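Structural description and commentary
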Amino acid sequence: MKSKPTLVLFVRHGQTPTTGKTLPGRAPGLHLSTDGIAQAKIAAERISAVKKIAAIYASPLERTRETAAPIAKALNLKVKANSGLLECDFGSWTGKQLDKLRKLPEWETVQRSPSTFRFPKGESFTEMQNRIVNAVDAICTNHPGQTVVCVSHADPIKAALAHATGTHIDLFQRLVVSPCSVSAV
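Our subject in this report is the structure included herewith.

About the criteria used
- Residues numbered from 1 in each chain as written.
- Predicted model: local features only at pLDDT ≥ 70, side-chain atom pairs only at ≥ 80, totals over all residues.
- Heavy atoms only, no water.
- Buried < 20%, exposed > 50% of the residue type's maximum accessible area, 1.4 Å probe, protein only.
- Helix = DSSP H or I, 4+ residues; strand = E, 2+ residues; numbered from the N terminus.
- Pairing = 2+ DSSP bridges.
- Contact = heavy atoms within 4.5 Å.
- Polar contact = N/O pair within 3.5 Å; in protein donor to acceptor, adjacent residues only side chain to side chain.
- Right-handed = clockwise from strand over helix to strand, strands pointing away.

**Digging into the pairing of strand S4 (residues 147–152)**
In terms of residue burial, S4 counts as a mostly covered element, since six of its six residues are buried. Going residue by residue along S4, you find Thr-147, Val-149 and Val-151 tucked away on one face and Val-148, Cys-150 and Ser-152 tucked away on the opposite face as well. As paired strands, strand S2 (residues 53–58) and S4 are joined by five bridges and run parallel to one another. Pairing of Ala-58 across the sheet is with Val-151, part of S4.

**Examining the environment of Arg-131**
Residue position: Arg-131 is located in helix H5 (residues 125–142). Placed 93 residues apart in sequence, Arg-131 and Ala-38 show a C-alpha to C-alpha distance of 30 Å. Look past the residues within four positions of Arg-131 in its chain and what remains in contact with it is Arg-26, Ser-83, Gly-84, Leu-85, Leu-86, Glu-87, Cys-88 and Glu-123. Engagement of the side chain of Arg-131 in a polar contact is seen with the side chain of Glu-123, the distance being 2.6 Å.

**Regarding the pairing of S2**
Every regular strand shows the same layout, with side chains that alternate between the two sheet faces. With five of six residues buried, S2 lies mostly within the body of the structure. Looking at chain direction, S2 and strand S3 (residues 79–81) are connected through three bridges and run parallel. By the bridge assignment for S3, Tyr-57 is matched with Lys-80. With helix H2 (residues 62–75) bridging S2 and the parallel S3, this β-α-β connection has right-handed handedness.

What follows is the structure in structure tokens.
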């Protein structure tokens, strides 16, 4: 007999002071803004209405853990750190202003053909997608037929959503994952 599928609720972290301005990547020390804290509380209210959440996982970065905290409190669960949910490793692009990055010739490749691009001294989107898909597969294996929350970042969530819908990674930039949005797979 086949078991029920696991339901994964992907939550993007809340807004930070740099959202839409810089590419923070995995740089430590970036916390939620006041708006981001409010967004996380609203997400927690929405998710707490879902019955029987089995577990909450989050990228180890501060902004995801801060987003997961009110969800965990509302559900009386502990947040489990999972490095597979980390942001893409943007390498030497980490911390750069988005306005400046958009002017680089490589930016067009990042947007139109991301499967062919590797961030200088970082990872490729294909590697990022493999990493998050493997992490989510392992989480699902540990929670068959249950509902779990995975708090992550825009690009990894978009890559996981693209994979789940059979969409090629070159089209994942078309997906929009807003701060504290919840995507169910």
